[in-house]
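Take a look at the letters that make up each chain.
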Amino acid sequence: MSENRYFRHSGGQSGKASQIYKHLSSMDPDELIDELADKWDAMDDKDFDPELIDAYLEKLDKTGPLASDFNAENSLAAFQEKHSLLLEQMEPALKPSDTIPRQRLHSRFRAARLIATVVVVTLACMVTAQALGYNVFEVIARWTEETFRFTTPAQTETGAAPSGDKEYKDLKEALDAFGITESVAPTWYPSEFEMSGIKVSPASGEVKFRVTYEAEEKFMAVTIRQFESAKDASSITYEKDDSPVTPYECDGITHYLMSNNGQMRAAWTNQNMTCSISGDLSEDELKQMINSIYER
Amino acid sequence: MRKKIGIRTLAVFMVLLLSGGMIGSAYAAVGSINASYYLDDYAATADTGTSGEVVISFDVNATRVMDSVGASYIVIQENNSGVWKGVASYFGSTANGMLAADTDSHMGSITYVGTLGKQYRALVTVYAGNSTGSDSRTVTTDSVTAG
């Protein structure tokens, strides 16, 4: 338990000292810190080896010195003055031989340990958040193994909505009627499909456009929802299975490809709209439909 | 030695914590894979109208044309000192407009007149079904204050 994995405390220290220095001479500061940390971890109060630690610190001072404006003596004096009462109370318990190397070691390791702790905790929060469905790197979309949602779509005001009763020949004509000029309507779809219906549903705070296509047993739909508020946009839940969501970039917009029990879907946002193409399509067909939206 | 144990224990604890979180998440997903042969996407929202009106809206898209699509059940809940309690419920039908027949999508809404200043939300069960089967999900809307 008290054995040092790298350096036995009893006997032969001087003989090994030159080997240690030779070993350290080939290391850069990061390697020195890593190895020093390992040795520090392996030591306890019985086999603590100040010579070994000093060798590392000395080498560290040479290869990666502290900032030149840092004055250890002044810093120590200020610290002692600030905590003089506490130090007076603790003084009898401190041995001079213990305090000098430990203070030097502590000043470096406290900083390193603090940084390491912050990094670990930050990573832990990020990974845990990701596991819980929050995408901390890209907050526009979040998904689990079961569902997919957009959470922070852009907000812009919508114009006065015309009635949804009018019949439209295609999606573009319907979007034009509502003053929507952004590219969201595919101009290509697999030739086996025929458009079977187009429905425009203006509602409070939202206009929904849905075009459906059918081919024998197959079905697909293009759905565009234009919202007045981000809150309503984030209320949509897309069903999906546990296969991964694949981002597909096109014209600077990320389209999220996913499947729902064999049906494919692409979902994306553009301005204040959430859009989707879903149905009995292959991934290639889905990508071709997406590409066709932006062809000019 | 105490330091060694402390640092390593912290590291092991963090690894176990992360692993546990991911295992738990994966287990939950495996245990309740949703996906749906009937429901494609859906939404439910709560908004306020005039004179204490609370408007619950829903929007359901099915994976293809279904015999029936929409909201099969809506429960309005009122917040009383932090406790949500059901105060009204609505069963869906084509007659009351919560469900639509022979379609692939349906939007609708119901209006409940609440007490001014009280908080309300709704549990909306969205539904899609045909002769081969059906599927439903229950969505909780955000809460709104009747005004």
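Residues numbered from 1 in each chain as written. Chains lettered and ligands numbered in written order. Predicted model: local features only at pLDDT ≥ 70, side-chain atom pairs only at ≥ 80, totals over all residues.

In terms of helices and strands, chain B carries one helix and seven strands. Listed by position from the N terminus, the elements making up chain B come as α-β-β-β-β-β-β-β. When contacts within chain B are restricted to residue pairs at least 6 apart in sequence, those whose partners lie at least 24 apart make up 65%. (Helix = DSSP H or I, 4+ residues; strand = E, 2+ residues; numbered from the N terminus. Contact = placed C-beta atoms within 7 Å.)

In this section: the overall build of chain A. The helix and strand inventory of chain A stands at nine helices and 10 strands. Scored against the burial criterion, the 296 residues of chain A give a buried share of 24%. (Buried ≥ 20, exposed ≤ 12 C-beta atoms within 10 Å, placed from the backbone.)

A word on helix H9 (residues 283-294) of chain A. Residues and elements named next belong to chain A. With 12 residues, H9 extends 18 Å from end C-alpha to end C-alpha; this agrees with the ideal 16 Å at 1.5 Å per step. Burial in H9 covers these residues: Leu286, Met289, Ile290 and Ile293. In a view along the axis of H9, the buried residues occupy a sector of 100°, so they form one face of it. (Expected span 1.5 Å × (residues − 1). Arc of directions from axis to C-beta.)

Here we come to the sheet that holds strand E8 (residues 253-260) of chain A. All names here are of chain A. Spatially, E3-E4-E5-E10-E9-E8-E7 is the arrangement adopted by the seven strands of the open sheet, whose pairing is antiparallel. Whereas interior strands pair on both sides, the edge strands pair on one side only; in this sheet they are strand E3 (194-203) and strand E7 (246-250). In this sheet, neighbouring strand axes are inclined to one another by 15° on average, regardless of whether the strands run parallel or antiparallel. In this sheet, strand E4 (residues 206-215) lies alongside E3 in antiparallel orientation, the contact comprising nine bridges. Residue proline 202 lies in a different strand from E4, and its bridge partner there is valine 207. Relative to E7, H9 is tilted by about 30°, and along the sheet it contacts E7, E8, strand E9 (263-270) and strand E10 (273-279). (Pairing = 2+ DSSP bridges. Axes fitted to C-alpha atoms, helices over the stretch in contact; angles between N-to-C directions.)

A few words now on the confidence of the model for chain A. Of the residues in chain A, 62% have a pLDDT of 70 or more, and the chain-wide mean is 75. Confidence drops under pLDDT 50 across residues 1-14 of chain A; counting only partners more than four residues distant or on other chains, this segment forms 19 contacts. (pLDDT = per-residue confidence, 0-100.)

Moving on to the pairing of E9(A). Residue and element names in this part refer to chain A. A large share of E9 lies buried, amounting to seven of its eight residues. Pairing analysis gives five bridges linking E8 to E9, with the strands arranged antiparallel. Within E9, the residue paired with methionine 258 across the bridge is arginine 265. Counted between consecutive antiparallel strands, the loop separating E8 from E9 contains two residues, among which asparagine 261 sits at a positive phi close to 50°. Where E9 lies against E10, seven bridges are found, and the strand directions are antiparallel. Counted as the bridge partner of asparagine 270 is methionine 273 from E10. Count of turn residues in the E9/E10 antiparallel hairpin: two residues, of which glutamine 271 carries a positive phi of about 55°.

Residue and element names in this part refer to chain B. Per-residue pLDDT for chain B has a mean of 84; in total, 78% of the residues score no lower than 70. Every residue in residues 15-32 scores below 50 in pLDDT, and together they form 14 contacts with partners more than four places removed in sequence or on other chains. Both confidence scores are given for the complex: pTM 0.61, ipTM 0.78.

Residues and elements named next belong to chain A. As a packed pair, helix H2 (residues 29-42) and helix H3 (residues 50-63) sit with axes 10 Å apart at the nearest point and diverge in direction by 165°. Between H2 and H3, the angle is such that the two are roughly antiparallel. Two packed elements cross with a definite hand, and for H2 against H3 that hand is left-handed. Of the residues in H3, those in contact with Pro29, Leu32, Leu36 and Lys39 of H2 are Leu52, Tyr56, Lys59, Leu60 and Thr63. (Parallel < 35°, antiparallel > 145°, perpendicular 65-115°, else oblique. Left-handed = near helix turned anticlockwise from the far one by under 90°.)

Residues and elements named next belong to chain A. A large share of strand E5 (residues 218-227) lies buried, amounting to nine of its 10 residues. Here 10 bridges tie E4 to E5, and the two strands are oriented antiparallel to one another. Residue pairing across strands places lysine 208 opposite arginine 225, the latter belonging to E5. Once E4 ends, the chain turns through two residues before running back antiparallel as E5, passing glutamate 216 with a positive phi of about 50°.

Let's shift gears to unusual backbone geometry. Glycine aside, residues mostly have negative phi angles, and peptide bonds mostly take the trans form. Residue and element names in this part refer to chain A. Of note, glutamate 216 is a non-glycine position whose phi angle comes to about 50°, a positive value. With respect to the helices and strands, the residue glutamate 216 is situated in the loop between E4 and E5. Positive phi outside glycine occurs at asparagine 261, with the angle close to 50°. Take asparagine 261: it is sitting in the loop between E8 and E9. By C-beta crowding, asparagine 261 is classed as partly exposed, having 14 other C-beta atoms within 10 Å.

The next subject is the environment of B:Val87. All names here are of chain B. The topology assignment puts valine 87 in strand E3 (residues 83-91). Of the residues examined, valine 87 has 15 C-beta atoms within 10 Å and is grouped as partly exposed. Taking C-alpha positions, valine 87 is 9.4 Å from tyrosine 120, a pair spaced 33 residues apart along the chain. Excluding residues within four positions of it along the chain, valine 87 makes contact with Ile76, Gln77 and Glu78.

Attention shifts here to the environment of A:Ser201. All names here are of chain A. With respect to the element layout, serine 201 can be found in strand E3. A count of 16 C-beta atoms within 10 Å places serine 201 in the partly exposed class. Distance from serine 201 to arginine 225, taken between C-alpha atoms, is 9.4 Å for residues 24 residues apart in sequence.

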